[in-house]
Amino acid sequence: MAVGLDLLPRYLDPLPGGKGVVSAVDVIVNWARAHSLWPLVYGTSCCAIEMMATGAARHDIARFGAEVFRASPRQADLIILAGTLTEKMADHLVTLYQQMPDPKWVIAMGACTISGGPFYYDSYSVVRGADRVVPVDVYLPGCPPRPEALLHALTELQQVIKGETIRNRRASKELTTAPPVDRMAVDLAAWEEEQDEHIAEVEANKAAWKEANPDFQAYKHPKLDKPKLEAVERVKTPRRGALPSALWAAVAERFDGLSLATCDEVTEDALAAMDADSEAILDLVIDPERYAALVGFLRGNEATGCDMLHQLTAFDDGEQISVLVHLLSVSQGHKVFVRCALEREAPTLPSLSGLFPAATWHERETAEMFGVVFAGHPDPRRLFVAEGLKGYPLRKDWSDPSRVVAREL
Amino acid sequence: MEREQHIEVRPPSAGGNTEEYWLNMGPQHPATHGVLHLIVRLDGETVREVKPELGYIHRSVEKMAENLTLLQNIHLTDRLDYLSCHMNNHAVCMVAEQACDIGVPERAEYIRVIVSELQRIQSHLLWWGAFAMDIGALSAFLYGFAEREKITDIFERLCGARLTMNYFRPGGVAQDLYDGFEQDARQACSDILYALDEYQRLVTGNLIFQERTRGVGILSRDKAIGYGCSGGTARASGLDYDVRRDDPYGIYDRFSFDVPVATAGDCYARYEVRMEEMRQSVQIIEQALKDLPVGPIQAKAKPVLKIPKGLQVFRQVETARGSFAMTAIGDGTATPLRVSYRSPGFMHVAALHEMSAGFKIADLITILGSLDPVIPDIDR
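Residues numbered from 1 in each chain as written. Chains lettered and ligands numbered in written order. Predicted model: local features only at pLDDT ≥ 70, side-chain atom pairs only at ≥ 80, totals over all residues. Heavy atoms only, no water.

Details of the overall build of chain B
Counted only if it meets this: Here a helix means four or more residues in a row that DSSP labels H or I, a strand means two or more in a row labelled E, and each is numbered from the N terminus. Put simply, the radius of gyration uses C-alpha atoms, and a globule should come to 2.2 Å times the residue count raised to 0.38. Buried residues are those whose accessible area, probed at 1.4 Å on protein chains only, stays under 20% of the maximum for their type, while exposed residues exceed 50% and partly exposed ones sit between those limits. In this tally, Lys and Arg are treated as positive and Asp and Glu as negative; His is ignored, and so are the chain termini. All charge positions are set by atom: Lys at NZ, Arg at CZ, Asp at CG, Glu at CD.
Broken down by element type, chain B carries 16 helices and 8 strands. Its C-alpha radius of gyration of 21 Å places chain B within 12% of the 21 Å reference for a compact globule of 380 residues. C-alpha extents for chain B along the principal axes are approximately 75 × 45 × 35 Å. Each of the 380 residues in chain B was classed as buried or not, and the buried ones make up 68%. Of the charged side chains in chain B, 40 are positive and 51 negative, and the gap between their average positions amounts to 4 Å.

Some details on the interface of chain A and chain B
Rules: Throughout, a contact is declared for two residues whenever any of their heavy atoms are within 4.5 Å. Here the quantity called buried area is the accessible surface, traced with a 1.4 Å probe, that two parts lose on coming together, added over both. Any carboxyl oxygen of Asp or Glu within 4 Å of a side-chain nitrogen of Lys or Arg constitutes a salt bridge here.
Listed per partner, the contact involves 84 residues of chain A and 86 residues of chain B. Interface area lost by chain A to chain B is led by Arg-234, Trp-361 and Phe-384 of chain A, which between them contribute 10%. Applying the counting rule to chain A against chain B returns 11 salt bridges. Among the salt bridges present, the one from Arg-380 of chain B reaches Glu-365 of chain A, with a minimum N-O distance of 3.2 Å. Secondary structure elements with two or more residues in the side of chain A that touches chain B: helix 3 (46-55), helix 4 (87-99), strand 6 (308-316), strand 7 (321-328), strand 8 (335-342) and helix 11 (359-370) of chain A. Sort the elements by how many residues they give to the side of chain A that touches chain B and strand 6 of chain A lands first, with 8 residues.

Structural notes on the sheet that holds strand 3 (residues 46-53) of chain B
All names here are of chain B. Which entries qualify depends on this criterion: In this description, strands pair whenever DSSP reports at least two bridges between them. Lines fitted to the C-alpha atoms define the axes, with helices restricted to the stretch that makes contact. Angles between their N-to-C directions range from 0 to 180 degrees.
Strand order in this open sheet of 3 strands is 1-2-3, and the pairing throughout is antiparallel. Every other strand in the sheet has two partners, leaving strand 1 (21-25) and strand 3 as the edge strands with one partner each. Averaged over all pairs of adjacent strands, the angle between their axes in this sheet comes to 25°, without regard to strand direction. Inspection of the sheet shows strand 2 (residues 37-43) paired to strand 3 by 7 bridges, in the antiparallel sense. Looking at the pairing, His-37 lines up with Glu-53 of strand 3. Across the sheet, helix 15 (residues 361-371) is in contact with strand 1, strand 2 and strand 3; its angle to strand 2 comes to roughly 145°.

Quick look at the layout of surface pockets
Applicable threshold: Every definition here rests on a 1 Å grid over the protein atoms only: cavities are sets of points where a 1.4 Å probe fits but cannot get out, pockets are open sets enclosed by protein on both sides within 12 Å along at least five of seven lines, and lining residues have some atom within 4 Å of a point. Grid points are joined across faces, edges and corners, and a volume is the space filled by probe spheres set on the points.
Taken as a whole, the largest pocket encloses approximately 940 Å³ of empty space. Val-41 and Met-52 of chain A together with Pro-30, Met-133 and Phe-141 of chain B are the residues nearest the centre of the largest pocket, which is lined by 40 residues in total.

Topic: unusual backbone geometry
All names here are of chain A. Backbone torsion omega between Cys-143 and Pro-144 reads -10°, so that peptide bond is classified as cis. Tracing the sequence through the fold places Pro-144 in the loop between strand 3 (138-140) and helix 6 (147-162). With phi around 55°, Asp-60 is a residue other than glycine that occupies positive phi space. Position of Asp-60 relative to the elements: it lies in the loop between helix 3 and strand 1 (78-82). In this structure Asp-60 comes out as partly exposed when scored by relative accessible area, which is 28%. Although it is not a glycine, Asp-122 sits at a positive phi angle of roughly 65°. Relative to the helices and strands, Asp-122 resides in the loop between helix 5 (111-115) and strand 3.

Re empty space enclosed by the protein
Our working definition: When residue character is reported, Ala, Val, Leu, Ile, Met, Phe, Trp, Tyr, Cys and Pro are called nonpolar, Asp, Glu, Lys and Arg charged, and the others, Gly included, polar.
Considering all chains together, one arrives at 6 cavities of 30 Å³ or more under this definition. Roughly 280 Å³ of volume is contained in the largest cavity. Around the largest cavity sit 22 residues that line it, and Ser-278, Glu-279, Ile-281 and Lys-335 of chain A together with Asp-247 of chain B are the ones nearest its centre. Of all elements in the fold, only helix 8 (244-254) of chain A together with strand 6 (312-318) of chain B reach the threshold of two or more residues within the lining of the largest cavity. In terms of residue class, the lining of the largest cavity is built from 9 nonpolar, 6 polar and 7 charged.

Remarks on the sheet that holds strand 8 (residues 338-342) of chain B
Strand pairing in a sheet relies on backbone hydrogen bonds, with the paired strands running either antiparallel or parallel. All names here are of chain B. Spatial strand order, 6-7-8: 3 strands in an open sheet with antiparallel pairing. Strand pairing shows two members of the sheet lacking a second neighbour, strand 6 and strand 8, which therefore form its edges. Mean inter-strand twist for the sheet, computed between neighbouring axes without regard to direction, equals 10°. With 5 bridges joining them, strand 7 (residues 323-329) and strand 8 adopt antiparallel strand pairing. The residue of strand 8 that forms the bridge with Ala-325 is Arg-342. The strands touched by helix 4 (residues 85-100) within the sheet are strand 6 and strand 7, with strand 6 carrying the most contacts at an inclination of about 150°.

As for the pattern of salt bridges
Residues and elements named next belong to chain B. Taken as a whole and assessed by the stated rule, the structure comprises 47 salt bridges over all chains. Between Glu-117 and Arg-120 there is a salt bridge whose closest N-O contact spans 3.1 Å. Of this pair, Glu-117 and Arg-120 both sit in helix 5 (residues 106-135), separated by 3 residues, roughly a single helical turn. Note on Arg-120: relative accessible area 1%, which makes it buried. If you follow the salt bridges from partner to partner, you end up with Glu-117, Arg-120, Arg-235, Asp-242, Arg-244, Glu-277 and Glu-318 in one network.

What follows is the structure in structure tokens.
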């Protein structure tokens, strides 16, 4: 139908009165298109909930003729970009957009799809603005926007559609090929220089004016009284499960030369202090050779009985990579932490996936974020980040200026 | 028992000559609750293997947190699990409170409990609607959202936001309750109880619903522990663990409430557990409203919240999905050395293969819906 309509102006416009006919066709076609938009079911994060709320009973997007949410892009003509767009998702968004038949429109919903929003700084995976990937017709600010705001964006889009004409139907909008890097960062240095000059000029003017008017006193705003806050004593939550000293006794019997991360030397006083503090958790430090043996012991031993791997992660203190294991005893309720420091070059540890199936994914994450190699891992693939990302992002010495806009502290 | 049958019995047409094939579900798919990508190995309609592919909404929150103070971190945790943002905020605030030794006034503690439990109900209502919609009952979605909007209204009046609240602060909460909050909360509670009875008549007893959820997606207790499952998913498998009761935080040890546990471990058990959890949340809210004291809502906190060098602070909370934990390691400055979040849904999706192998592909949708995943929480 669209192709037929395109030909209409070519034949009708030269005829007397033909232009009026084309305009009348415009009005009818645009009216029909604007009031029966079929959105695609596309939502990546928080905004999707507000999009669902807009579709639900109270806000009822059907009042504006856009309630036919389609699961297939081939049946949709509107894509509401609800939620953050990441690099890994960007390729898929392009595919979705290209699969939609013309004419098609895009609403960028929320701060993330406009500019990256809260994830503008320091994020290595977020595309700072969906308009770097697909052309956007209506920008809808908010984090997340209210359902009423989405309805407003929809009516704005209807106005955009009603302004279109079949005479020069928008050429199928070109997809941008620019890589998802920050446009701001390129001009930032020049902009800062300009700002510095401007500030210097203003300061000079101020100083000159002060010299000319020495008696001037600036107006002071009245201020609201700040409520006086009082410090409250902290109430610690009671402890569940075995005492740290009992756990330590069970572990130290089997493993020599263990130490605790919380104190320099494990003495009876230190253990008694840990027992007295209901929030203290046994934080064992172990060497890489006996790491798997210790975790296996903590799991199998009756006194410790840590049957659940709560989390496995790592941290980088600038010198070493330390792997952290959080174990939980579901039956008794206590927690035991294990940490194991590794060298930065080729850190290797045995995999815990045989002991705990939960470790499989945690180890995949730790491997891609810190470069720790888990020997014997059944599925050593990447978990989160896109293929193109080089290095290990959560290491302190990692940087990638093409992706990251660093926040200045 | 039922599950073994599914695995043993091959389709009659198979004859050992069928070819297995891979199917990509997502990342853009209406039933994957966002942008989860499931790579499924199928034999006819029977699922042989499920490989979830993550990272489509990985926003590097943990990296960003290394350049933010704890206070600046609160709003980012809103956007992890946006259906339990009060609880996520609670975890961040408790980390700051433990690291800097800040107390919380009584009234603030009660407010925290009340809004957290209201949000648990709100989240479960959304899950109920979406789960029923996954199975094909579209009207349940409208019912669930209609009830959910009432609680959203309360939150909007309370802190100005409908979804990302950013309401808790180290040492208290951002604002005091508005006039009439208690009345609104009581009204919401009685509305929920009435609505839950209605939902029982609408969905729970439905024959199609029962057929599609009973005996589907069984997760044994051992597997639930092994995969680190928590929350309703684990409790439906007979794992009697609730952070509110077994690792109490805030003032949860003052309230009497039941932790619903089922042993079947199938989708219907998970459904039953979550429906009962809503009733228990109402009970907690009613107790808290009865005892709500008058007084300050914010204690004096340090202007700069520093975690001492080398200290590892770990706090876990029970969100609507399970155990959410935040670990912060300090380096003595205002920004932590490392922040890591332990999200409950991450482990549930890891266990998806265990639950769905041997079932039909339509059951995979049911199983995924019954886990109540929030993908930004999984990907972080």
